[in-house]
Amino acid sequence: MTATISWQTVYKDAITQLANFESPEVDARRLVEAAAGIEPSEFHSTLNSQPTTRAMAHFDQMLARRCQGEPLQYVVGRWAFRELDLLVDKRVLIPRPETEILVGHAITETNRLSAPTVLDLGTGTGAIALSVAFECPHSQVIAADISEDALAVARANLAGIGKAATRVTLLQGDWFNALDPSLPAEIDLGEIDLIVSNPPYIANHETLPDVVANHEPSLALRAGDDGTEHLRHIVTGSRSWLKPSGVVLLEMAPHQISQLSDHAQASGFSTEIHPDLAGHDRILICRL
């Protein structure tokens, strides 16, 4: 390929090279948009123009990575999540549509309160915490993760949400251990209105697709022998941190919902179960 051809030709050639992937047209389009530095709305009007040498080199590099099986989100380096455009790379789990459903419920719950404090455990990219802060202007949000690499990504994404960033605190630590009283958040027991988390919930023995297993961080995926280790810990530990009317919202696998609901009820919560976009039970809401 040379810079004398059009983006239309580049796009069609990429579709051919990506023919064995699930969505070659989508992948090729995203690569063109990323290389050309354009918004999705500009795609069609750009196709007849010619790429610069630099843009073409960037495109070829990204196409090669995608052809080798690297996730598209990591290749382009950014991904849309609700109203946000997030930095995404191999340090963090790729945000999924299921998590957008979780965030939708979290925002509904948050907006019912006047000045809520929200805790996002295992924040990763910051997708949950930053969405809540951005869409709930009266919220104070704490985002915690054990991984300093993940927090570096969340910190970069925090810079992209404008004034809402002043209402977000990032903390490093293992689940509730991040809320050590000596840390800047200064959150005491019984002061949190809402806890939300998309923790690791894949059992150690479960087989994952190569595109996930070979590229996404295992720390953000695996959770013990049955995948519920972290989910149970969050439910149990949340009692001490929540206000008397507090709420916990969790994403998990459909086959885990029933046992986690039972565990939450045994811990003193009432529970609600909500589906994902495919109609599978995915979100557990626990209320004190």
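Everything below is about the structure printed above this text.
Caption draft 1: Highlighting the environment of Ala152. Along the chain, the position of Ala152 falls in helix H8 (residues 148-158). Using a relative accessible area of 26% as the deciding quantity, one classes Ala152 as partly exposed. With 115 residues separating them in the primary sequence, Ala152 and Gly37 have C-alpha atoms 24 Å apart.

Caption draft 2: Highlighting helix H4 (residues 53-67). Counted at 1.5 Å a residue, the expected span for H4 with its 15 residues is 21 Å, and the 21 Å between its end C-alpha atoms agrees. Looking only at H4, the buried set comprises Ala55, Met56, Phe59, Met62, Leu63 and Arg66. On an axial view of H4, the arc spanned by its buried residues comes to 130°, and they lie on one face. Of the residues in H4, the exposed ones pointing more than 90 degrees away from the buried face are Thr53 and Arg54. Looking at the packing, one finds that the buried side of H4 touches helix H1 (7-17), helix H2 (24-36) and helix H5 (72-76). Remark: Gly69 follows H4 within two positions and exhibits a positive phi of approximately 100°.

Caption draft 3: How the structure looks around the sheet that holds strand E6 (residues 192-197). Ordered by their spatial adjacency, 7 strands build an open sheet running E5-E4-E3-E6-E7-E9-E8, and the pairing between neighbours is mixed. Here the strands that pair on one side only, and so sit at the sheet edges, are strand E5 (168-172) and strand E8 (270-275). On average, adjacent strands in this sheet sit at an angle of 15° to one another, irrespective of strand direction. Here strand E7 (residues 242-251) pairs with strand E9 (residues 281-287) via 5 bridges, running antiparallel. When the bridges of E9 are listed, Leu250 appears paired with Leu284. In this fold helix H10 (residues 229-241) packs onto strand E3 (117-121), E6 and E7, with an angle of close to 165° to the strand it touches most, E7. The strands touched by helix H11 (residues 257-266) are E8 and E9; relative to E9, the strand with the most contacts, the crossing angle is about 5°.

Caption draft 4: Here's a closer look at the packing of H1 against H2. For the pair H1 and H2, the least separation of the axes is 8 Å and the interaxial angle reads 140°. Of the possible angle classes, the one that applies to H1 and H2 is oblique. Here the hand of the crossing between H1 and H2 comes out right-handed. Taking contact as the criterion, the partners of Trp7, Tyr11, Ala14 and Ile15 in H1 are, on H2, Pro24, Glu25, Ala28, Arg29, Val32, Ala35 and Ala36. A class-by-class count of the residues in the contact of H1 with H2 yields 9 nonpolar, no polar and 2 charged.

Caption draft 5: Main features of the pairing of E9. The element E9 is extensively covered by neighbouring structure, given that 6 of its 7 residues are classed as buried. In this sheet, E9 lies alongside E8 in antiparallel orientation, the contact comprising 6 bridges. Considered in E9, the bridge of Glu272 is made with Ile285. Between E8 and E9, which pair antiparallel and follow one another directly, the connecting turn spans 5 residues, one of which, Gly279, has a positive phi of 85°.

Caption draft 6: Unusual backbone geometry, seen in detail. Within the chain, Arg82 stands out as a residue other than glycine whose phi angle is a positive 50°. The residue Arg82 is located in the loop between strand E1 (78-81) and strand E2 (84-87) in this model. The phi angle at Trp175 is positive, at roughly 55°, despite the residue not being glycine. For Trp175, a relative accessible area of 12% translates into the label buried.

Thresholds applied
Residues numbered from 1 in each chain as written. Predicted model: local features only at pLDDT ≥ 70, side-chain atom pairs only at ≥ 80, totals over all residues. Heavy atoms only, no water. Helix = DSSP H or I, 4+ residues; strand = E, 2+ residues; numbered from the N terminus. Buried < 20%, exposed > 50% of the residue type's maximum accessible area, 1.4 Å probe, protein only. Expected span 1.5 Å × (residues − 1). Arc of directions from axis to C-beta. Contact = heavy atoms within 4.5 Å. Pairing = 2+ DSSP bridges. Axes fitted to C-alpha atoms, helices over the stretch in contact; angles between N-to-C directions. Parallel < 35°, antiparallel > 145°, perpendicular 65-115°, else oblique. Left-handed = near helix turned anticlockwise from the far one by under 90°. Nonpolar A, V, L, I, M, F, W, Y, C, P; charged D, E, K, R; others polar.

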